[in-house]
Each structure stands twice: as structure tokens, then as C-alpha cells.
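Structural overview
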Amino acid sequence: MTLTATIPARVLVTKIGLDGHDRGSRIIAAFLRDAGMEVIYTNPWQKLDSVVTLALQEDVDVIGISSLATDHLLIPKLMKALAAAGLDHVRVIVGGIIPKNEEADLIKAGVSRVFHPGSSREDIVTEVESLARKAAADRPQD
């Protein structure tokens, strides 16, 4: 019998802008870690260029952004910066307090999924695993 190793998803969990409310992002990072994913967790108050650099250095599949204080409005700029860095295969998810009328703008900018308060652990883990597989399949080959 031949065993094949599966490479765990690599997920960057971060907060951008001035939002320092990090309880939710810490919980999500633990969910993903406990599900067997490799989680790179940052402290709050990250700049967009720092997120892009870290995503590149850590070779992540998914970036999870937590927003509780309108910092999700920076995400369209992040999506453009990721594309400019050749990271358009990386999937981006957003969680937190996102008004319904602003969710469509995030999706239009390229965000794969928005999670609202009350999203289940199972739904989050399942979706991140699926998005990581899609990112790996779309990763440019050297």
C-alpha cells in the first residue's frame, strides 16, 4: 500500500487598518489550526503591504481578514496589491461585522467569502479547506 501525504492548507489570519478587536480572529485561527491547517497569525494593525509580503513569504493559500470596525473597506486595495504581486490565486475571506450593502462590493473586488457573526466552525473550516484546494490548483507553476 502506498501512502500519499497531503499538504495542509496554509492560512494567514490577520487584521488590517486600525481595528484592534482580535478575539474573533484568534478563535478562527484556533479552529483552523485544530482542523490541521498551518496558520500564520499576525497581531492587529497590519498594513496592506505587510500582508502582501507575508502572504508571499509564507506561500499561503488563503488570507482571512477580520473586521469589526469598517477596515473591510480597505480590502479592495488589498486585492489589487495581491494581484500586482502575482498572488491572485490566493483566496481571501472576510469575517466580522460587514454590512449587507457592502458585502457585494467585497465579492466584486475578489473576496471569496464573507462570514458573519454566528457562522459555524464546520462551515468556516469546510469553506477554507475548499478554497485552499482551489488556490493550490490555480497556483502558477514555476
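By convention here, each chain's residues receive numbers from 1 onward along its written sequence. Under the rules for a predicted model, residues below a pLDDT of 70 receive no local features and side-chain atom pairs below 80 are neither given nor counted, while totals for whole chains, interfaces and linings still include all residues. With hydrogens and water stripped out, all remaining heavy atoms of the structure feed into the side-chain values.

**Notes on the pairing of strand E4 (residues 91–96)**
How we decide: Buried, partly exposed and exposed residues are distinguished by accessible area as a fraction of the type maximum, computed with a 1.4 Å probe on protein chains only: under 20%, between the cut-offs, and over 50%, respectively. Only DSSP runs of H or I reaching four residues or more are called helices, and only runs of E reaching two or more are called strands; each is numbered from the N terminus. Two strands pair if DSSP finds at least two bridges between them. Orient the strands so they point away from the viewer, and a crossover whose first-strand-to-second-strand path over the helix runs clockwise is right-handed.
Of all 6 residues in E4, 6 are buried, a share of seventy percent or more. Of the two faces of E4, both are covered, the one formed by Arg-91, Ile-93 and Gly-95 as well as the one formed by Val-92, Val-94 and Gly-96. The pairing of strand E3 (residues 62–67) with E4 spans 6 bridges and is parallel. In the sheet register, Val-62 faces E4, and the bridge partner there is Arg-91. Since E3 and E4 lie parallel, the crossover through helix H3 (residues 75–84) that links them has a hand, and here it is right-handed. Across 3 bridges, the pairing between E4 and strand E5 (residues 113–115) is parallel. Looking at E5, one finds that Val-94 is bridged to Val-114. In this fold, the crossover linking E4 to E5 by way of helix H4 (residues 100–109) has right-handed handedness.

**Quick word on the side chain of Ser-25**
The cut-off we apply is this: By the convention used here, residues are in contact when the closest approach between their heavy atoms is within 4.5 Å.
By the secondary structure assignment, Ser-25 is in helix H1 (residues 23–34). Judged by relative accessible area, which is 2%, Ser-25 ranks as buried. Each residue touching Ser-25, except ones within four places of it in the same chain, is listed here: Val-13, Lys-15, Tyr-41 and Ser-66.

**As for the side chain of Gln-46**
One can find Gln-46 in the loop between strand E2 (38–41) and helix H2 (48–58). The exposure class of Gln-46 is buried, given its relative accessible area of 17%.

**Details of the pairing of E3**
Both faces of the sheet carry side chains from a regular strand, because those side chains alternate between them. Here E3 lies mainly inside the structure; 6 of its 6 residues are buried. Of the two faces of E3, the one holding Val-62, Gly-64 and Ser-66 and the one holding Ile-63, Ile-65 and Ser-67 are both buried throughout. In the sheet, strand E1 (residues 10–14) pairs with E3 via 4 bridges, with the strands oriented parallel. Paired with Val-11 across the bridge in E3 is Val-62.

**Details of the nonpolar core**
Basically, it comes down to this: Nonpolar core, defined: a set of buried Ala, Val, Leu, Ile, Met, Phe, Trp, Tyr and Cys residues in which side-chain atoms within 4.5 Å join the residues together.
Counting residues in hydrophobic clusters, the biggest one holds 23 residues, and the most contacted among them are Leu-12, Ile-63, Ile-65, Ile-75, Leu-82, Val-94 and Val-111. Those elements that provide at least two residues to this core are H2, E3, H3 and E4. The biggest single contributor to this core is H2, with 5 residues. The contacts of Ile-63, once residues within four sequence positions are left out, are Leu-12, Thr-14, Val-51, Ala-55, Leu-82, Val-90, Arg-91, Val-92 and Ile-93. Membership of the second largest hydrophobic core comes to 15 residues, among which are Ala-29, Val-62, Ile-93 and Ile-124.

**Observations regarding the packing of H2 against H3**
To be explicit about the condition: Between N-to-C directions, angles cover 0 to 180 degrees, with each direction set by a line fitted to C-alpha atoms, over the stretch in contact for helices. An angle below 35 degrees is read as roughly parallel, one above 145 as roughly antiparallel, one from 65 to 115 as roughly perpendicular, and any other as oblique. Two helices crossing with the near one rotated counterclockwise from the far one by less than a right angle form a left-handed crossing, whereas a clockwise rotation gives a right-handed crossing. Nonpolar residues are Ala, Val, Leu, Ile, Met, Phe, Trp, Tyr, Cys and Pro. Charged residues are Asp, Glu, Lys and Arg, and all others, Gly as well, are polar.
Relative orientation of the contacting elements H2 and H3 amounts to 40°, with a least axis distance of 10 Å. On the basis of their axis angle, the class for H2 and H3 is oblique. When the axes of H2 and H3 are compared, the crossing they make is right-handed. On H3, the residues touching Leu-48, Val-51, Val-52 and Ala-55 of H2 are Lys-77, Leu-78, Ala-81 and Leu-82. Of the residues that constitute the contact of H2 with H3, the class distribution is 7 nonpolar, no polar and 1 charged.

**Let's talk about the packing of H1 against helix H5 (residues 121–138)**
It is the contact of H1 with H5, at a shortest axis distance of 10 Å, that shows an interaxial angle of 65°. Judged by the twist between their axes, the crossing of H1 over H5 is right-handed. Here H1 contributes Ile-28, Phe-31 and Leu-32 to the contact with H5, which in turn contributes Arg-121, Ile-124, Val-125 and Val-128.

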